[in-house]
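Working through the structure, step by step
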Amino acid sequence: MPTTGDFTNLAEKVIARCRKLASLSEDAGGTRRTFLSAPMHDCHREVSFWMKALGATVSLDAVGNLRGFYPGASPGAPRVLVGSHLDTVPNAGAFDGTLGVVLAVGLVESLDGQKLPFGIEIFGFSEEEGVRFGVPFIGSRALVGRVDEELLGRKDELGISVRKAIQDFALNPNEISKAALCDDVLGYLEFHIEQGPVLESLGRPLGVVEAIVGQNRLEFTFSGQANHAGTTPMNLRRDALAAAAEWIVAVENLARRTPGIVATVGFVEAKPGAMNVIAGEARATLDIRHASDRARTEALDELIRQAESIATRRALAVKWRTLLAQHAVAMDPFLTEQIGHAVQKAGCEPHRMASGAGHDAMILAEKIPAAMIFLRTPGGISHDPAESVHLDDVAKALECGHHLLTQLATSREFLGRTCRA
Ligand SMILES: [Zn+2]
C-alpha cells in the first residue's frame with residue numbers, strides 16, 4: 001500500500017499532466033480540443049507514452065477513444081474500465097474529463113506493477129461535450145452500439161461529417177462496431193470534477209454519485225395581442241411577456257420549494273420586441289432536472305398547469321413543445337456502496353449526491369455497472385480556464401481509487417458478475 005506521501009507525489013504528477021494536456025489546443029490563447037481535432041493526436045501521444053511506461057497495451061478505436069489495457073493476473077481475466085473524456089469545450093479548464101483519464105493512469109501507477117484478478121482498461125473518450133457536431137457522448141455511444149448512420153452523417157460548421165472526420169483522423173468508420181463492449185467487462189469507474197459548489201459548501205473532498213439526473217427541455221410560447229404601449233389601457237392588454245414573466249417566477253418558486261429540483265428559464269424572446277409595443281408573443285425555454293423521474297415529471301406537470309392558468313387569467317393562449325426528455329440514470333448500487341467504503345478508508349466522509357450534468361458513465365450504465373466519484377471543485381467553477389482542483393483532494397481521490405481496486409479485487413460478488421453487454 002502506498003503511503004500518504006506517495007499519493008501526494010502522484011497527485012502532483014497528475015495535476016502537472018492535466019496542465020500539460022491543457023496546452024494541447026486548437027486555440028493559441030486557451031484550451032479547446034474538440035472531437036478528432038489535430039491537437040487530439042498530440043494529446044493521445046502524451047497519454048499513450050504514460051500508459052506504455054506502465055506496461056499497458058495502447059490502442060485507438062474507430063471513433064478515436066484512446067485505450068490502455070493493463071492486464072490482469074491471469075490470461076483471460078475480466079476487465080474493469082476506468083476513465084473519462086479527453087475532449088473539451090472552448091476556453092476550457094484543465095480538469096474537466098482530462099482529470100479522470102490522467103487519474104486512471106495514476107491509479108495503475110499506484111499498483112506499482114501488481115496484477116489484480118481483473119485487467120484495467122484506461123479510457124480516454126474522444127467526445128463527450130458535443131461541441132463539434134452538437135451531439136454529446138459520441139465516444140461512449142460507440143461502446144454501447146449507439147453510433148448510427150444518422151450520427152455519422154451529421155456535419156460540423158465546416159460541413160465535415162462525422163464519418164469524414166473519422167477518416168481524416170486516419171481511422172476507419174466501418175470498424176466502429178468493433179469498439180462495442182465485450183462480455184468480459186465487469187464495470188466502469190469514472191473520476192470527474194463535480195463542476196458545482198456542493199462539495200465545497202459541505203467541506204468534503206469527494207462525492208459518491210448515486211444517480212445522474214433526468215431532464216426535460218421545453219419551449220413555451222405565450223400568445224396575446226401586440227398593441228400600442230401608449231393608447232392601450234392596462235386593463236385591456238393581453239401582454240404575452242408579462243405572462244411569461246409571471247410564469248418564470250412561478251418556475252423559480254416551485255423549484256425552490258421542491259427538494260432536489262433545479263429548474264431554469266435560460267432564454268426568453270418577445271415579439272415584436274420594440275420598446276413602445278406590448279409584446280404579442282413571448283417564448284421561454286425550461287430546463288428541469290431531478291434524480292427521480294417521478295419528482296421531475298410531477299414538477300413539470302405542475303409548471304404546465306401554472307402556465308395554462310396564468311394564460312387563461314390573462315386571456316392568452318399558451319402552447320409548449322418538448323425538445324429533450326432524458327430519464328434519470330442510477331449508478332450501480334454495489335459499486336456505489338464500495339466507493340463509499342473506499343472514500344472512508346481514505347479518511348474522508350463520503351457525500352452521496354446526484355450529478356446534475358450528464359457524463360459518459362450515464363451512457364455506459366445502459367450496458368454495464370457504472371459508478372462515479374466526484375472531486376470538490378474550488379469555487380464550483382468549471383468550463384472556464386479558472387477551473388482547478390486541490391492537491392490534497394486529488395491525493396485523496398487516488399487513495400480512494402486504490403482502496404476501491406483492492407476491495408473489488410477481493411470481492412467474490414464483484415468478480416462473479418457477468419456483463420449484460
Ligand atoms: Zn466532463
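Residues numbered from 1 in each chain as written. Predicted model: local features only at pLDDT ≥ 70, side-chain atom pairs only at ≥ 80, totals over all residues. Heavy atoms only, no water.

Coordination sphere of the zinc ion, protein contribution only: H85 (NE2), D96 (OD) and H192 (NE2), at 2.0 to 2.2 Å. Read in sequence order, the donor residues for the zinc ion give the motif H-x10-D-x95-H. Within this pair, whereas D96 is found in the loop between β3 (79-85) and α3 (98-110), its partner H192 is found in strand β5 (residues 185-193), the two being separated by 96 residues in sequence. In this structure D96 comes out as buried when scored by relative accessible area, which is 7%. Its relative accessible area of 1% is what places H192 among the buried residues. (Donors = N, O, S within 2.8 Å, 3.2 Å for Na, K, Ca; no water. Helix = DSSP H or I, 4+ residues; strand = E, 2+ residues; numbered from the N terminus. Buried < 20%, exposed > 50% of the residue type's maximum accessible area, 1.4 Å probe, protein only.)

Before going further, it helps to spend a moment on the packing of helix α1 (residues 4-22) against helix α2 (residues 38-52). Interaxial distance between α1 and α2 falls to 10 Å at its minimum, and their mutual angle equals 155°. The orientation of α1 with respect to α2, classified from their angle, is roughly antiparallel. At the point where α1 passes α2, the crossing takes the right-handed sense. Here R17, K20 and L21 of α1 come into contact with α2, specifically with C43, E46, V47 and W50. The residue makeup of the contact of α1 with α2, split by class, is four nonpolar, no polar and three charged. (Axes fitted to C-alpha atoms, helices over the stretch in contact; angles between N-to-C directions. Parallel < 35°, antiparallel > 145°, perpendicular 65-115°, else oblique. Left-handed = near helix turned anticlockwise from the far one by under 90°. Contact = heavy atoms within 4.5 Å. Nonpolar A, V, L, I, M, F, W, Y, C, P; charged D, E, K, R; others polar.)

The next subject is the environment of A53. Counting through the fold element by element, A53 comes out in the loop between α2 and β1 (57-60). Remark: the alpha-carbon pair of A53 and E109, spanning 56 residues in sequence, is separated by 9.2 Å.

A word on the side chain of T221. Inspection of the secondary structure assignment puts T221 in strand β7 (residues 214-223). Judged by relative accessible area, T221 falls into the buried class, the value being 9%.

Turning our eyes to something else, we now look at the pattern of salt bridges. Considering all chains together, one arrives at 29 salt bridges under this definition. With a shortest N-O distance of 2.6 Å, E219 and R283 are connected by a salt bridge. A residue pair is termed long-range when its members are at least 10 positions apart, and E219 in strand β7 and R283 in strand β12 (residues 281-290) qualify at 64 residues. Because the salt bridges share partners, they merge into one network encompassing D61, R67, R79, E121 and D184. (Salt bridge = Lys/Arg side-chain N within 4 Å of Asp/Glu carboxyl O.)

This brings us to the nonpolar core. By size, the foremost hydrophobic cluster in this structure holds 80 residues, and its most contacted members are V47, L99, F118, I120, V394 and L398. Considering each element in turn, this core owes the most residues, nine residues, to helix α12 (residues 391-409). The contact partners of V394, leaving out residues within four places of it in the chain, are A11, V14, I15, L99, L103, L375 and V389. (Core = buried A, V, L, I, M, F, W, Y, C linked by side-chain atoms within 4.5 Å.)

On to the packing of aromatic side chains. Centre distance and the angle of the planes are the two values used to describe a pair of aromatic rings. Under the criterion given, the structure shown has eight aromatic pairs. Here F125 and Y188 contribute two aromatic rings whose centre-to-centre distance is 6.0 Å and whose plane-to-plane angle is 70°, an arrangement assigned as edge-to-face. Of this pair, F125 sits in strand β4 (residues 119-125) while Y188 sits in strand β5, placing them 63 residues apart in sequence. Accessibility assignment for this pair places F125 and Y188 in one class, buried. Between the aromatic rings of F220 and W247, the centroid separation amounts to 4.4 Å while the plane-to-plane angle is 40°, which identifies the pairing as tilted. Linking F220 in strand β7 with W247 in helix α8 (residues 240-257), this pair joins segments that are 27 residues apart in sequence. Counting every residue linked through ring pairs, the aromatic cluster contains F220, F222, W247 and W320. Just above the ring of F69 sits the side chain of R79; from NZ or CZ to the centre is 4.4 Å. (Phe/Tyr/Trp six-rings, centres within 6.5 Å; stacked < 30°, edge-to-face > 60°. Lys NZ or Arg CZ within 6 Å of the ring centre and 35° of its normal.)

Moving on: α2. An α-helix turns once every 3.6 residues. As a result, residues three or four positions apart point the same way. Its 15 residues place the ends of α2 22 Å apart at the C-alpha level, agreeing with the 21 Å of an ideal helix rising 1.5 Å per residue. Taken together, the buried residues of α2 touch α1, β1, β2 (66-70), α3 and β4. (Expected span 1.5 Å × (residues − 1).)

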